[in-house]
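Below are the chains, spelled out letter by letter.
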Amino acid sequence: MDPELFLSHQEKLVQAERDFEVQEIQRVFEACTPAQLAKRGLAVLGLTVVGMKTGAGGKSLVDLELSNATSTSSALPTHRLRVGDIVALEEHGTGSKGKPMKAGWKPKLDGVIFRITESTIVVAIKSRKEGENEEEIPKEVQERCRLVKLANNVTYERMLSQMKFLKGTLSQVSANSLPLALTNVLFGAQTPTFDEAWTDLSKVKFLDPTLNPSQQEAVRFALAAEQVALIHGPPGTGKTFTLVELIRQLVLQKKRILVCGPSNISVDNLVERLASHRINIVRTGHPARLLPSVLDHSLDVLSRTSDQGRLVNDIRVELDETFQKIQRCKFRSERKQLYQEVKQLRKDFKAREKLVVKELIQSASVVLSTLNGCAAKNLWGEKFDVVIIDEATQALEAECWIAIGKGAKVVLAGDHLQLPPTIVSEGISATSLLAAEALSLTKELKEQRKKAARAGASASFEVPALDLERIAKDKDYSSFLLSTTMFVRLLGCFPKDGAKLIKRTLVTQYRMHEDIMAFPSTKLYQNLLVADESCRQWLLKDLPRVKKARDPSEEESDVDHALVFLDTSMAGMTEETENQDGNGPGGSSVGGGPDDSKLNRGEAATVVEYVKDLMKSGVGPEDIAIITPYSAQNALLRQLLKEDYPDIEIGTVDGFQGREKQAVILTLVRSNDAGEVGFLSDRRRLNVAMTRSKRQLCVVGDSETLSKNDPFLKAWMEFLSEHADVRYID
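Keep in mind that what you see is a predicted model, and the values were worked out from it rather than measured.

A. Main features of the overall build of the protein chain. Along its length, the protein chain carries 23 helices and 23 strands. Across the 730 residues in the protein chain, those meeting the buried criterion constitute 52%. Within the protein chain, contacts between residues at least 6 apart in sequence are counted, and of these 76% link residues at least 24 apart. Surface exposure of the protein chain reaches about 33,700 Å², of which carbon and sulfur atoms provide 50%.

Below, the structure written as structure tokens:
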């Protein structure tokens with residue numbers, strides 16, 4: 001594979017995804033008035049500034065509440081704003097209240113949501129540019145304003161910047177370029193090598209005595225790898241425990257480690273596990289996006305509590321006092337003078353904080369960040385011995401390169417047999433790339449013809465017709481899809497022995513009853529998975545509250561089975577497309593395309609009845625999750641259950657990846673004469689659905705529809721008919 005060609009195409013794919021998302025957001029803005037945006041949950045109107053203080057990086061933390069002039073209640077209206085979202089803060093009356101945003105609209109003030117309570121939204125406002133003399137937050141905005149959710153372009157810009165940077169350093173040898181051996185292995189040009197000192201398992205003294213043999217082998221393998229190692233962690237196999245052991249071993253070797261993941265939650269989970277081992281760790285990232293349990297290890301908190309940080313706090317206190325003066329100030333000229341003082345104080349604050357942050361990061365044994373966060377200023381120029389990427393099978397390859405560019409060796413962990421990252425522009429970008437490649441080749445051939453003519457060539461030639469299918473085949477465009485992760489691509493780089501050469505698989509699982517595990521193990525994991533004795537036979541009936549509630553005279557009940565199949569094939573519960581009769585519950589499907597917004601009212605009613613049966617048996621609502629591939633069905637179930645059972649978790653399969661519950665009810669929705677199953681044919685989605693439950697998986701579906709055309713679904717239906725407690729719904 002040509003690295004420069006590959007990176008160029010990754011760049012185009014990321015651009016296509018960014019453009020698609022920005023256009024969608026812009027389309028909504030241009031079609032909706034502020035009031036309509038608020039109705040959609042994309043804006044909150046009628047706010048007022050009630051307080052300002054100083055946050056990380058000298059940013060202003062602005063407290064916003066509903067204005068008494070617009071609301072008699074202090075509770076914020078229903079909205080879709082979340083901590084970490086990028087938002088615009090603007091005067092409530094900017095432009096015409098009744099008109100949509102103009103094309104090309106750009107906010108004067110923007111920031112990141114820092115905290116949300118029932119009555120307050122705290123926003124970290126982005127600092128004004130150097131040289132601007134205006135007030136940071138004009139008085140008219142403070143008195144009455146609104147928040148509008150914005151598209152997050154920063155993520156895409158960082159990926160694009162890294163692709164361009166890597167292309168520029170491929171042919172160079174410098175302090176900032178990747179090691180040649182690592183680059184060659186990552187593009188399949190060189191076979192990975194291993195340090196013989198670590199190949200003997202007996203030479204590794206494991207710090208966690210509970211690790212099973214496959215976990216120990218994965219740690220040893222990752223230690224021995226000199227360029228790259230993949231750790232494949234199927235559901236429930238203790239991937240996080242394995243990574244924690246690996247990190248602790250590397251710390252003992254005095255290695256400097258960068259640990260990353262595609263999401264904040266994936267990184268914070270590792271911070272929580274590492275914190276108990278007294279390792280010098282630093283978690284970078286905006287504090288608004290971190291779990292409360294990891295804030296003590298964040299740069300924001302450490303920069304305040306360290307000895308050097310106390311010097312910074314003096315300026316922070318002075319800044320906060322100045323902000324209080326601004327709040328009380330009535331005259332514009334006086335406010336302007338105070339903002340000038342803020343500007344100088346912030347300059348001093350940033351200079352001191354920068355030194356503190358640099359010292360904290362460089363002294364840490366382990367730095368943890370999201371993949372995108374690795375492009376932040378506080379990590380510029382930093383180099384690490386090892387880069388570890390957790391949940392690498394849910395990360396865009398372009399994101400992974402941001403982190404890999406800082407390391408000499410990389411370890412990727414994840415499960416490529418579960419869902420990849422969600423891509424909204426996949427079909428569009430693949431087609432546009434082919435067209436772009438065809439255009440490029442056409443131009444190249446035309447240039448060749450011109451050169452030949454200038455050289456006096458006697459024979460002229462025409463530009464041949466371009467075969468797009470041939471181009472796709474020759475260039476192996478399957479590797480260039482944005483949803484193709486680095487984990488999967490690397491396995492394809494060494495097709496003959498890639499599994500043994502660069503990957504180790506964890507095989508003992510601690511989550512599921514062996515009957516729940518059996519089908520995915522056989523069909524997806526080469527029958528490698530083994531249920532640990534601790535979970536092999538556990539059932540809902542073994543839960544203390546179920547034991548207490550059980551009638552001793554009852555011979556058998558719902559809680560006695562690990563697998564339950566409620567077969568609706570004889571019930572006439574036909575699927576619907578949302579809003580086909582004007583009465584759909586709202587929302588859109590997870591998968592998009594021809595599968596948009598399917599729901600099945602009969603299956604939903606069946607789920608409700610089964611939930612009631614489980615509750616009668618003593619199963620607590622907090623132990624139950626209901627999942628479905630379709631968000632229209634998800635919305636319907638929420639309407640039916642949330643009021644009476646608010647503690648039952650209801651969501652989509654895609655949203656439940658990485659989660660688990662004691663009992664999971666899965667409603668598959670599809671029921672039609674043609675046997676159409678849509679994106680249920682994606683076995684990775686089904687794998688996620690099958691492996692979320694610990695003690696019981698209840699499947700609700702039409703076996704006739706599901707068995708008709710898809711071999712994998714047919715095999716699953718046959719497995720359920722043989723191993724589950726099957727009940728035919730009529």
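Okay, back to it.
B. Geometry of the confidence of the model for the protein chain. Chain-level statistics for the protein chain give a pLDDT mean of 85 and a share of 84% at 70 or above. Confidence drops under pLDDT 50 across residues 130–134; counting only partners more than four residues distant or on other chains, this segment forms 7 contacts. Under a pLDDT of 50 for its full length, residues 458–474 has, in the predicted model, 22 contacts with residues more than four places off or in other chains.

C. Quick look at the pattern of salt bridges. Inspection of every chain in the model, using the stated rule, returns 28 salt bridges. Between Glu217 and Arg220 there is a salt bridge whose closest N-O contact spans 2.6 Å. Of this pair, Glu217 and Arg220 are both found in helix H6 (residues 213–224), 3 residues apart, which corresponds to roughly one turn of the helix. Glu217 gets classed as partly exposed once you look at its relative accessible area, which sits at 23%.

D. Representation of the sheet that holds strand S4 (residues 110–116). Strand order around the closed barrel formed by 6 strands is S1-S2-S5-S4-S3-S6, with antiparallel pairing between neighbours. Strand after strand, the sheet turns through a mean of 50° between neighbouring axes, direction not considered. Looking at chain direction, S4 and strand S5 (residues 121–125) are connected through 5 bridges and run antiparallel. Paired with Val112 across the strands is Ala124, a residue of S5.

E. Quick peek at the nonpolar core. Within the largest apolar cluster, 84 residues are counted, with the highest numbers of intra-cluster contacts made by Leu64, Leu147, Leu186, Ile389, Trp401, Ile404 and Leu412. Ranked by size, the runner-up nonpolar core spans 39 residues in total, among them Met512, Ala562, Ile627 and Leu697.

F. Expanded view of the environment of Cys374. Tracing the backbone shows Cys374 in the loop between strand S10 (366–370) and strand S11 (386–389). A sequence separation of 28 residues divides Cys374 from Ile402, and the C-alpha atoms of the two residues are 6.4 Å apart.

G. The arrangement of the side chain of Gln142 in detail. Structurally, Gln142 is set in helix H3 (residues 139–143). Assessed through its relative accessible area of 5%, Gln142 is described here as buried. For Gln142, the residues in contact, after removing those within four places along its chain, are Thr48, Val49, Met52, Ile137, Gln327 and Tyr339.

H. Molecular detail of the packing of aromatic side chains. Going through the model one piece at a time under the given rule, you end up with 6 aromatic pairs. Considering the side-chain rings of Phe6 and Phe187, the 5.8 Å spacing of their centres and the 70° angle between planes classify their relative orientation as edge-to-face. With Phe6 in helix H1 (residues 3–31) and Phe187 in the loop between helix H5 (180–186) and H6, this residue pair connects regions lying 181 residues apart in the sequence. In this pair, the class of Phe6 matches that of Phe187, namely buried.

I. The arrangement of the sheet that holds strand S21 (residues 661–667) in detail. Spatially, the 6 strands line up as an open sheet ordered S20-S19-S21-S22-S16-S23, and their pairing is parallel. Only two strands of the sheet have a single partner each, and these edge strands are strand S20 (649–652) and strand S23 (725–728). Within the sheet, the average angular offset between the axes of one strand and its neighbour, ignoring direction, is 20°. Pairing analysis gives 6 bridges linking S21 to strand S22 (residues 693–701), with the strands arranged parallel. Within the sheet, the bridge partner assigned to Ile665 lies in S22 and is Cys698. The strands touched by helix H20 (residues 631–641) within the sheet are strand S19 (624–628), S20 and S21, with S20 carrying the most contacts at an inclination of about 165°.

J. Molecular detail of helix H19 (residues 601–616). Between its first and last C-alpha atoms H19 spans 23 Å; for 16 residues at 1.5 Å apiece the expected length is 22 Å, and the two agree. Within the sequence span of H19, burial applies to Gly602, Glu603, Ala604, Thr606, Val607, Val608, Tyr610, Val611 and Leu614. Residue Asn600 occupies the N-cap position of H19, its side-chain oxygen lying 3.2 Å from the main-chain nitrogen of Gly602. Immediately downstream of H19, the backbone of Gly618 shows phi near 100°, a positive value.

K. Seen up close, the pairing of S4. As defined by bridge partners, strand S3 (residues 86–91) adjoins S4 across 3 bridges and the pair is classed as antiparallel. In the strand pairing of S4, Val87 is matched with Gly111. Count of turn residues in the S4/S5 antiparallel hairpin: 4 residues.

L. The environment of Val141, seen in detail. Along the chain, Val141 falls in helix H3. Spatially, the C-alpha atom of Val141 lies 7.9 Å from that of Val49, the residues being 92 residues apart in sequence. When near neighbours in sequence (up to four residues on either side) are disregarded, Val141 contacts Val49, Leu89, Glu90 and Glu91.

M. Spatial organisation of the packing of H19 against H20. One can describe the packing of H19 onto H20 by two numbers: an axis separation of 10 Å at closest approach and a directional angle of 45°. Between H19 and H20, the crossing angle belongs to the class labelled oblique. Judged by the twist between their axes, the crossing of H19 over H20 is right-handed. Each of Arg601, Glu603, Ala604, Val607, Val608 and Val611 in H19 lies in contact with H20, whose residues at this interface are Gln633, Leu636, Leu637, Leu640 and Leu641.

N. Looking closely at helix H21 (residues 683–690). Of all 8 residues making up H21, 6 are buried, and the element is well covered by its neighbours. Lining the buried residues of H21 we find helix H17 (514–524), S19, S21, S22 and helix H23 (711–723). For H21, the capping residue at the N-terminal end is Asp682, with a side-chain oxygen 3.0 Å from the backbone nitrogen of Arg684.

O. Examining the packing of H1 against helix H4 (residues 153–169) more closely. Where H1 meets H4, the axes come as close as 9 Å, and the angle between the chain directions of the two elements is 165°. Taken together, the axes of H1 and H4 are roughly antiparallel relative to one another. Pair H1 / H4 crosses with left-handed handedness. On H4, the residues that touch Glu4, Leu7, Ser8, Gln10, Glu11, Val14, Gln15, Glu17, Arg18, Glu21 and Val22 of H1 are Asn153, Tyr156, Glu157, Met159, Leu160, Met163, Lys164, Leu166 and Lys167. Here the contact of H1 with H4 is composed, by residue class, of 8 nonpolar, 4 polar and 8 charged.

Thresholds applied
- Residues numbered from 1 in each chain as written.
- Predicted model: local features only at pLDDT ≥ 70, side-chain atom pairs only at ≥ 80, totals over all residues.
- Heavy atoms only, no water.
- Helix = DSSP H or I, 4+ residues; strand = E, 2+ residues; numbered from the N terminus.
- Buried < 20%, exposed > 50% of the residue type's maximum accessible area, 1.4 Å probe, protein only.
- Contact = heavy atoms within 4.5 Å.
- Areas by Shrake-Rupley, 256 points an atom, 1.4 Å probe, with all protein chains shown as cover.
- pLDDT = per-residue confidence, 0-100.
- Salt bridge = Lys/Arg side-chain N within 4 Å of Asp/Glu carboxyl O.
- Pairing = 2+ DSSP bridges.
- Axes fitted to C-alpha atoms, helices over the stretch in contact; angles between N-to-C directions.
- Core = buried A, V, L, I, M, F, W, Y, C linked by side-chain atoms within 4.5 Å.
- Phe/Tyr/Trp six-rings, centres within 6.5 Å; stacked < 30°, edge-to-face > 60°.
- Expected span 1.5 Å × (residues − 1).
- Polar contact = N/O pair within 3.5 Å; in protein donor to acceptor, adjacent residues only side chain to side chain.
- Parallel < 35°, antiparallel > 145°, perpendicular 65-115°, else oblique.
- Left-handed = near helix turned anticlockwise from the far one by under 90°.
- Nonpolar A, V, L, I, M, F, W, Y, C, P; charged D, E, K, R; others polar.

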